[in-house]
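Now for the letters of each chain:
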Amino acid sequence: ARHGIDPNGQVRVNPVRGFREACSKDIADGSCNNQAPNMVMTCLKAHKSDLSDSCREKIFNVQVREAEDMRLDNALALACKKDILPRSRCSVTTPPGAQMACLRANRQ
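What counts as what
Residues numbered from 1 in each chain as written. Predicted model: local features only at pLDDT ≥ 70, side-chain atom pairs only at ≥ 80, totals over all residues. Heavy atoms only, no water. Helix = DSSP H or I, 4+ residues; strand = E, 2+ residues; numbered from the N terminus. Expected span 1.5 Å × (residues − 1). Buried < 20%, exposed > 50% of the residue type's maximum accessible area, 1.4 Å probe, protein only. Arc of directions from axis to C-beta. Contact = heavy atoms within 4.5 Å. Salt bridge = Lys/Arg side-chain N within 4 Å of Asp/Glu carboxyl O.

**Digging into helix α3 (residues 53-68)**
Inference 1: Helix length check: α3, at 16 residues, gives a terminal C-alpha distance of 23 Å against a target of 22 Å (1.5 Å per residue), a fit within 8%.
Inference 2: Along α3, the residues that are buried comprise Cys-55, Lys-58, Ile-59, Val-62 and Glu-66. Burial along α3 is one-sided: seen end-on, the buried residues are contained in an arc of 100°. Exposed residues lying more than 90 degrees from the buried face of α3 are Asp-53, Ala-67 and Glu-68.
Inference 3: At its buried positions, α3 is contacted by α1 (19-29) and α2 (40-46).

**Focus on the pattern of salt bridges**
Inference 1: According to the stated counting rule, one finds three salt bridges in the structure shown.
Inference 2: Across the pair Asp-29 and Lys-25 runs a salt bridge, and its minimum N-O distance is 2.5 Å. Within this pair, Asp-29 and its partner Lys-25 are both found in helix α1, separated by four residues, close to a single helical turn. With respect to class, Asp-29 is no different from Lys-25; both count as exposed.
Inference 3: As a salt-bridge pair, Arg-56 and Asp-53 come within 2.4 Å of each other at their nearest N and O atoms. Residue Arg-56 and its partner Asp-53 are both found in helix α3; the two are separated by three residues, about one turn of the helix.
Inference 4: When its relative accessible area of 29% is taken as the criterion, Arg-56 is described as partly exposed.
Inference 5: Using a relative accessible area of 58% as the deciding quantity, one classes Asp-53 as exposed.

Below, the structure written as structure tokens:
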């Protein structure tokens, strides 16, 4: 799966398998249907209690993956993109949590 920040600084997120099938109705029928594509996940997280059980489970799975790899958290990736671009000293992705540790160590 391609994810994270590409060389042009655009955030790419490929959520967990089955996400579209589980959440498409929630997105279409809920308050997240008019969101910009890069904000749908943030909206779904904010309205998690209103989602179907299957979508809520996929959102939970996405959040678990985001906790393992901060590049998958769109809001965090956008906020930190200049600090984690591929040429940055914090572009390292292994072991899990290495990017977050690098950003903390280099906080100004």
